[in-house]
Amino acid sequence: MKPQTSSLVFILVLSFSFSVSWGSLSSILDTTPSFQTFITCIQSNSVNFTTFSQLIFTPGNSSYLPIWEYSANNLRLVQPSTPKPSIIVTPTDESQIRTALLCTKQNGYEIRIRCGGHDFEGISYTADVPFVMLDLINMRSIDVNVENRTAWVQGGAVLGEVYYAISQKTNTLYFPAGICPAVGVSGYLGGGGYGNLVRKYATAGDNVLDVRFMDVNGNVLDRKSMGEDLFWALRGGGVSNFGIALAWKLNLVPVPERVTIFMVNLTLEQGATDIFYKYQHVAPNLDPDLLLRVQINSENIGNTTKKTIRMLFHSLYLGGIDTLIPLLDENFPELNVTREICEEVRMVQTSLLFAGLTTTTPVETLLNRTAIPRTSIKSKSDYVRTPIPKSGLRKIWKKMFENDNSEAMVMYTFGGKNSEYSETAIPYPHIAGVLYQVLKSINLIDQESPTTPTSLRRLAWLRSFDETLAPYVSKNPREAYFNYNDLDLGVGNATYEEASVWGERYWKRDNFMRLIRIKARVDPDNFFRHPQSIPVFSTPLSDI
C-alpha cells in the first residue's frame, strides 16, 4: 500500500468551527502582508480551493490557537510570548501538501512540519521568523499486513495509533518504537528512535523498509527513486532536514502472545546504590529478550527535610514468568524479583503501562492523543559506555539533593543485539558499546512560565547537573540523542566548526559529514531549516 489520502479527518474539525470562507480569509489580509499572495498561490494551484481553504488558518481565525496548541506537548513552550506560525495548513492529501510547500517557498516563508508535536524545543511549531506550519494531523491512515509483517503508516500518525492498529490484527507482531503513544511517527523515525525492543531489534530506524517522501521541489519519491543515500539519511538524520515524510513502510517484528512486566521500587536505604552499580554491569549483557528501564528521582523522607533517592526498575521480558524468574535469580538476584510482582500481558498492554496508564486501560485509549497529560519540561541526554563507580553515583545523588525534587533521570538499557550494528548503519550512531542512555529532565508544570524565579533556578540546576555527569558519560564527542533536541548544545551553523559543536554530538563526525553532503544535494538552497538543521555551506565539505 502507498497511502495518499487519509480517511481520518482531524477530530477537532468537529469540536471547533474550522470552516473558513474566502470572505473570512480576505478579512485578515491586512494583518498578514504576504498572506494574500500565499492564498492567491493556493487558489491558482488547487483543484478544489473551497475545500482547501477550510484547512488554512491564521491568527485572525478563531480556530488558529486551539489547533496550534493541540499538539504542542511541552507547555514550557506554550506561552503568550512564544513565536507562532503566520499560517497553519492542515492538509488531507498529498496534492495539498505539495501546493502548500510550493506556495510557502514562493512567498518567502520558512516551513515547519509537525506530526506529533513532541520535539523537546518546539522546533516543529515555533520559530523566530515568519513561517508556515504544516500540521499533518489529518494524514494518519495505517494499513497493517500481517502476512507480510509490514505496515504502511502515513506521516501524521502517532505511535499509539500504530500500536492500536497492529493489536487489532495480531498479538504476535509489533513495531519496535518508543513508549509515549502521542509521539509522532515521522519525527520519531527521523531521529532513529529507540524503545522497549531496542535490545532485541535495534532502533525503529533500522526497521524502516521504505518511505514515501516529498522533496523540496514537490517530487514524490520512494526508496528506489530517491536512492540509498537519502533513504539512509531519513532514518536518523532528521527527516524534516530534507523534506516531508508522507508515509513509512515498517517492518513488524515477532513477539510472544504474552510478555512479562514487573516493577521494583528501591531507595538508598534499601541498597539502591549497590543495586544500580550492579545493574550497569549486568543489564546490558542480559538476554536481549529482557529490557530494564530505571527511573531515578530525589524525594524527602516522610515529612522530614532529609532526602533520599528513589529508583523504579521497570521491565519488559519477551517471554513468560517461568523463564524470567530463573534468569534474574542467576544474573541479578539483588533485584529480588518474585512471581507476585510479575504480570503476563499482551504486548499492546505494555504500551499502556509504560505510558503511565494501567494494563486494564482500554486499548482504544492509545487513539486518544490527549490521554497522557502534557508536560512542561527541559531535558538533556547522554550515553554511558563505562559503568559509573559508586563514588560517582554518590556525587550524582548529592547533586540531586540540591534540587527541589523536580528532577528525574531515566536510564534505558542498551546492549543485546545492538553490538551487531555499525554506528554508520543509519545516522543514529549510539549503538555498539553503549551500556545505557540517560535522559535528565526538570519539571516546570507547577510554574506559570519558564521565567519564574523557581523555573530559572531549576533550569540553572539542570545545566549544573549536566556538568556533574560529564566525567561519567561518553566523550569525544559527548553523545546526545537528536530526538531529545537541546538548543543549549548550540545553534551555530555558519561553518563546519560551529555546526560540529552540536552536530557531532547528535550524529558523530562521519555521519554528520555524510548528512551534510546529502543535504547539499537534495536541498541545496537550505529551504528545510531550523536552529539545529543540517547546514548547507557555500564551500564544498571536501574543501573545508
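The structure under discussion appears in the preceding block.
In this text, all values refer to a predicted model and were calculated from it rather than measured experimentally.

> I'm lost on the overall build of the protein chain in this one. Help?
Assigned secondary structure in the protein chain consists of 17 helices and 18 strands. Since a compact globule built from 544 residues should have a radius of gyration of about 24 Å, the 23 Å found for the protein chain is in line with a globular shape. Seen through its principal axes, the protein chain has C-alpha atoms that stretch 70 × 55 × 55 Å. Sorting the 544 residues of the protein chain into buried and exposed places 60% on the buried side. Sequence separation of 24 or more characterises 73% of the internal contacts of the protein chain that already satisfy a separation of 6 or more.

> Whenever I open this one, the nonpolar core confuses me. Can you help?
As a rule of thumb, soluble globular proteins bury nonpolar side chains together. Formed by 83 residues in total, the largest nonpolar core has its most connected members in L189, F213, L230, F242 and W248. It is helix α17 (residues 496-522) that contributes the most residues to this core, 11 residues altogether. Residues in contact with W248, not counting those within four places in the same chain, are A151, W152, V153, V185, S186, L189, V208, D210, V211, L234 and V239. Listed in part, the 47 residues of the second largest apolar core include L286, L335, M411 and Y436.

> Help me understand the packing of aromatic side chains in this model?
Geometry of an aromatic ring pair is reported as the spacing of the ring centres plus the angle between the planes. Using the criterion set out here, one finds 26 aromatic pairs in the structure. A ring pair is formed by Y194 and F414, whose centres lie 5.9 Å apart and whose planes are at 45°; its orientation type is tilted. Of this pair, Y194 sits in the loop between α8 (185-190) and α9 (198-201) while F414 sits in the loop between β17 (407-413) and β18 (436-443), placing them 220 residues apart in sequence. Take Y194: its relative accessible area is 7%, and that puts it in the buried class. A centroid spacing of 6.1 Å and a plane angle of 75° characterise the contact between Y279 and F313, whose relative ring orientation is edge-to-face. Highlighted residues: Y279 in helix α12 (residues 272-282) and F313 in strand β14 (residues 307-317), separated in sequence by 34 residues. The class for F313 is buried, based on a relative accessible area of 0%. Connected via pairs of aromatic rings, a cluster forms that spans F120, Y194, Y383, Y412, F414, Y428, Y481 and Y484. Taking the ring centre of W68 as reference, the NZ or CZ of K84 above it sits at 4.8 Å.

> Looking at this structure, I do not really get the sheet that holds strand β8 (residues 208-214). What am I missing?
Note: strands within a sheet are paired through backbone hydrogen bonds, in either parallel or antiparallel orientation. Read across the open sheet, the five strands follow the order β5-β6-β10-β8-β9; overall the sheet is antiparallel. What marks the edges here is a single partner per strand, and that holds for β5 (142-145) and β9 (220-221). Pairing of β5 with strand β6 (residues 150-154), which is carried by four bridges, proceeds in the antiparallel orientation. For V144, the partnering residue across the bridge sits in β6 and is A151. Its contacts with the sheet place helix α6 (residues 94-106) against β8, β9 and β10 (244-251), and it is angled at close to 55° to β8. Helix α7 (residues 159-167) rests against β5 and β6 of the sheet, and its axis sits at about 40° to β5.

> Teacher, can you tell me more about the packing of helix α15 (residues 390-401) against helix α16 (residues 453-469) here?
Each pair of packed helices gets described by two things: the angle between the helix axes and the distance between those axes. Contact pair α15 / α16: the axes reach a minimum separation of 10 Å and the direction vectors enclose 170°. Relative to α16, the element α15 lies roughly antiparallel. Only W461, S464, F465, T468 and L469 of α16 make contact with α15, whose side of the interface consists of K395, I396, K399 and M400. By residue class, the composition of the contact of α15 with α16 is five nonpolar, two polar and two charged.

> Can you walk me through the pairing of strand β16 (residues 377-384) in this structure?
Every other side chain in a regular strand lies on the same face of the sheet, so the side chains alternate between the two faces. Where burial is concerned, most of β16 is hidden: eight out of the eight residues are buried. Alternating residues of β16 divide into I377, S379, S381 and Y383 and K378, K380, D382 and V384, and every residue in both groups is buried. Where β16 lies against β18, eight bridges are found, and the strand directions are antiparallel. Within β18, the residue paired with V384 across the bridge is Y436.

> Can you walk me through the side chain of T104 in this structure?
Within the secondary structure, T104 sits in helix α6. Sequence-distant contacts of T104, that is, excluding residues within four places in its chain, are made with F38, Y109, E110, I111, V132 and F527.

> Please explain unusual backbone geometry as it appears in this structure.
Here N476 and P477 are connected by a cis peptide whose omega angle stands at 5°. Counting through the fold element by element, P477 comes out in the loop between α16 and α17. In this structure, A202 is a non-glycine residue whose phi angle is positive, near 65°. Relative to the helices and strands, A202 resides in the loop between α9 and β8. One non-glycine residue, K508, lies in positive phi territory at about 70°. In this structure, K508 sits in helix α17.

> Honestly, the pattern of salt bridges in this entry has me stumped. Any pointers?
Pairing of side chains with opposite charge becomes possible as their charged atoms draw close. Taken as a whole, this structure holds 33 salt bridges when the rule is applied. Salt-bridge contacts for R223 lead to E228; the nearest nitrogen and oxygen are separated by 2.8 Å. Under the relative-accessibility criterion, R223 is labelled partly exposed at 29%. Classification of E228 as partly exposed rests on a relative accessible area of 44%. Taken together, the shared-partner salt bridges connect R76, E121, K378, K380, R463, D486 and D488 into one network.

> Can you walk me through the sheet that holds strand β12 (residues 259-267) in this structure?
Strand order in this open sheet of seven strands is β15-β12-β14-β13-β17-β18-β16, and the pairing throughout is antiparallel. In this open sheet, the two edge strands, each paired with only one partner strand, are β15 (342-345) and β16. Strand after strand, the sheet turns through a mean of 20° between neighbouring axes, direction not considered. Direction of pairing for strand β13 (residues 290-300) relative to β14: antiparallel, over a ladder of 11 bridges. Bridged to N300 within β14 is K307.

Cut-offs applied
Residues numbered from 1 in each chain as written. Predicted model: local features only at pLDDT ≥ 70, side-chain atom pairs only at ≥ 80, totals over all residues. Heavy atoms only, no water. Helix = DSSP H or I, 4+ residues; strand = E, 2+ residues; numbered from the N terminus. Rg over C-alpha atoms; globule rule 2.2 N^0.38 Å. Buried < 20%, exposed > 50% of the residue type's maximum accessible area, 1.4 Å probe, protein only. Contact = heavy atoms within 4.5 Å. Core = buried A, V, L, I, M, F, W, Y, C linked by side-chain atoms within 4.5 Å. Phe/Tyr/Trp six-rings, centres within 6.5 Å; stacked < 30°, edge-to-face > 60°. Lys NZ or Arg CZ within 6 Å of the ring centre and 35° of its normal. Pairing = 2+ DSSP bridges. Axes fitted to C-alpha atoms, helices over the stretch in contact; angles between N-to-C directions. Parallel < 35°, antiparallel > 145°, perpendicular 65-115°, else oblique. Nonpolar A, V, L, I, M, F, W, Y, C, P; charged D, E, K, R; others polar. Salt bridge = Lys/Arg side-chain N within 4 Å of Asp/Glu carboxyl O.

The values reported here are purely geometric and, on their own, carry no functional implication.
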